[in-house]
Amino acid sequence: RKRRQGIPLKMFLNDEIGSQWCFGLTWRCTPSEAIGIWSVVLFYSTLVVVTIGHSIAQNRNGISDGATAYHRTTTTSTTGTDDEVLLLCSLLIYFFTLTAGMLLWALKSGDNGPNLIHPLQIWQIQLIGSFLLIVCLVLFVVVHIDLGKNWSPQPEKKAQHELVTGGIYRYARHPMYAIFLWAGIGTLMSTLNFVITWCVFGLVFITLRRIETEERILFELFGEEYVEYRKRVSALGFPWGCLGYDREISVTTPRTQRRQPNPRNYHAIV
């Protein structure tokens, strides 16, 4: 009886439908495949819309007028030539491999079966990945709400610059980057497409390079207050401590260390 009850759902999620629902991106379009692709589109389009909307709201309210490009003086002293060369090499490798993957995908697009770019269709895994992306979408919006007027698309010092340790920041010092990591996994699971996944993960790992710079800025702005917070909370939360972003960093004595802590609960950098 249980097996008979499970057949209709399996047939619906794994039955072939019109290719237009999958934008022609797969060799066999099924409801689970379409849900996976649409969840990817929904997450990353929401990411762009929320980011642009938040930036426009800040400009209208005059919040960004008091901001200074504080990161420029900090990154100049902490980023060496070796790091710049490594970043350039990483970008070149990323774009060349991405281009090769897209060309291979285009050449195999006419095939009527699995290929190296999209070798599998497992509807259970794809649905789990879609659910993970929806969770990441909600958490991404929550991060922007927690940051409020102190959010910034780049590391910078604002006129009213406060440290937030509540809300989602109780679990990760850089929750937005953690969300990007989980969204990358969700993208892989929902599409089972290596080119799409590599496109996302390449950008994520390049973005993670900002963490060290932001950590130095936060230490210089908040001093011991941030040191104590850093001891309590992981950079990216569980289980990303293995990536090494919780290691000690060498910084100069913060110039704002003597200031009195402000009870207002904000944060300027994700």
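Because the structure is a prediction, the values reported are computed rather than measured.

Student: What is the right way to read the overall build of the protein from this model?
Tutor: Along the protein, the regular secondary structure elements total 9 helices and 0 strands. When the helices and strands of the protein are placed in sequence order, the string is α-α-α-α-α-α-α-α-α. Going through the 270 residues of the protein one by one, you find that 40% of them count as buried. When contacts within the protein are restricted to residue pairs at least 6 apart in sequence, long-range pairs at least 24 apart make up 78% of them. Of the roughly 15200 Å² of accessible surface on the protein, 64% is carried by carbon and sulfur atoms.

Student: Got a minute to help me understand the nonpolar core in this structure?
Tutor: Soluble globular proteins tend to pack their nonpolar side chains together in the buried interior. The biggest cluster of nonpolar side chains holds 39 residues, and the ones touching the most others in it are F43 and L236. Contributing elements (two or more residues each) for this core: α2 (31-60), α5 (123-147), α6 (175-191), α7 (194-207), α8 (210-222) and α9 (224-232). Those residues within four positions of F43 in sequence are excluded, and the remaining contacts are L133, C136, L137, I179 and A183.

Student: What am I meant to see in a nonpolar patch on the surface here?
Tutor: A surface patch of nonpolar side chains, about 550 Å² in accessible area, is lined by I17, W21, F23, L25, W38 and V41. Along the chain, I17 falls in the loop between α1 (2-14) and α2.

Student: Quick question: what am I supposed to make of the state of the cysteines here?
Tutor: Linking two cysteines covalently through their sulfur atoms gives a disulfide. Taken as a whole and assessed by the stated rule, the structure comprises 1 disulfide. Covalent S-S linkage joins C22 and C29, the inter-sulfur distance amounting to 2.1 Å. Note on the C22 and C29 pair: the S-S dihedral is about 80 degrees, so by sign convention the disulfide is right-handed. No difference in accessibility class separates C22 from C29, as the two residues are buried.

About the criteria used
Residues numbered from 1 in each chain as written. Predicted model: local features only at pLDDT ≥ 70, side-chain atom pairs only at ≥ 80, totals over all residues. Heavy atoms only, no water. Helix = DSSP H or I, 4+ residues; strand = E, 2+ residues; numbered from the N terminus. Buried < 20%, exposed > 50% of the residue type's maximum accessible area, 1.4 Å probe, protein only. Contact = heavy atoms within 4.5 Å. Areas by Shrake-Rupley, 256 points an atom, 1.4 Å probe, with all protein chains shown as cover. Core = buried A, V, L, I, M, F, W, Y, C linked by side-chain atoms within 4.5 Å. Patch = residues over 30% accessible without salt bridge, like charges linked within 9 Å, V, L, I, M, F, W, Y side chains within 5 Å. Salt bridge = Lys/Arg side-chain N within 4 Å of Asp/Glu carboxyl O. Disulfide = S-S within 2.5 Å.

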